[in-house]
Every structure is written in C-alpha cells, then in structure tokens.
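If you want the building blocks of each chain, they are given just below.
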Amino acid sequence: MSNHSNNQNAVPEAKGALNRFKYEVAEELGVPLKQGYNGDLTSRQNGSVGGYMVKKMIEAQEKQMAGESGEQ
C-alpha cells in the first residue's frame, strides 16, 4: 500500500481557511490537535474532527441555499 495521498482541494485557495477551520473544530471538540505530528491521536479523535467539519459545512450550505446569511 502506498503512503502517497491523492487528496486535493477543489479550490486550492481555500487550503488555509480549511486548515484553520480544522483546528477550530478540534478545539471545540476538545481534541488536542497540533501542528505537525498527530500520530498519538486515536482514529476516533481524528474522525470526529473530520465528521464535525463536514456537518458544519453542510449546515452552512443549507443555510445559504435557504437564503440565510449563515451568521447568528
């Protein structure tokens, strides 16, 4: 199995914002995500960050589609 990742951002300019969002979500969830190596985190911890990111992005898109600004 290769260690090469084929993950690419659809909008490369969004990479920084997505990275900041990841750390914000990790903080909200109490996951001790840090810059660099995070191999000491469990799959559950990492998965919860990714899953919650997706949930929040879907919620924001639904609000936008419904004509809301998404700001509270």
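Look above for the structure.
Just so you know, these numbers come straight off a predicted model, no measurement behind them.

The rules we used
Residues numbered from 1 in each chain as written. Predicted model: local features only at pLDDT ≥ 70, side-chain atom pairs only at ≥ 80, totals over all residues. Heavy atoms only, no water. Helix = DSSP H or I, 4+ residues; strand = E, 2+ residues; numbered from the N terminus. Contact = heavy atoms within 4.5 Å. Areas by Shrake-Rupley, 256 points an atom, 1.4 Å probe, with all protein chains shown as cover. Core = buried A, V, L, I, M, F, W, Y, C linked by side-chain atoms within 4.5 Å. Buried < 20%, exposed > 50% of the residue type's maximum accessible area, 1.4 Å probe, protein only. Expected span 1.5 Å × (residues − 1). Arc of directions from axis to C-beta.

Student: I'd like a description of the overall build of the protein chain, backed by residues and values.
Tutor: The number of helices and strands found in the protein chain is two helices and zero strands. Contacts spanning at least 24 positions in sequence make up 35% of the contacts within the protein chain whose residues lie at least 6 apart. Of the roughly 6,200 Å² of accessible surface on the protein chain, 51% is carried by carbon and sulfur atoms.

Student: Break down the nonpolar core for me, with residues and values.
Tutor: Judged by nonpolar contacts, Phe21, Val25, Ala26, Val31, Leu33, Leu41, Val49 and Met53 together constitute the single largest core of eight residues. Elements that contribute at least two residues to this core include exactly helix H1 (15-29) and helix H2 (43-65). Considering each element in turn, this core owes the most residues, three residues, to H1.

Student: Describe H2, naming the residues involved and giving the relevant values.
Tutor: Look at H2: 33 Å from first C-alpha to last across 23 residues, which is about the 33 Å you get at 1.5 Å a residue. Note on H2: the residue one or two positions beyond its end, glycine 67, has a positive phi of about 90 degrees.

Student: Lay out H1 with the relevant residues and their values.
Tutor: A rise of 1.5 Å per residue sets the reference length of H1, with its 15 residues, at 21 Å; its end C-alpha atoms lie 21 Å apart and thus fit the reference within 8%. Those residues of H1 not exposed but buried are Phe21, Val25 and Ala26. Within H1, the buried residues cover an arc of 135 degrees as seen down the axis, which keeps them to one side. Exposed and facing more than 90 degrees away from the buried side of H1 are Arg20 and Glu27. Tucked inside the fold, the buried residues of H1 contact H2. Backbone geometry just after H1 places glycine 30 at a positive phi near 80 degrees.

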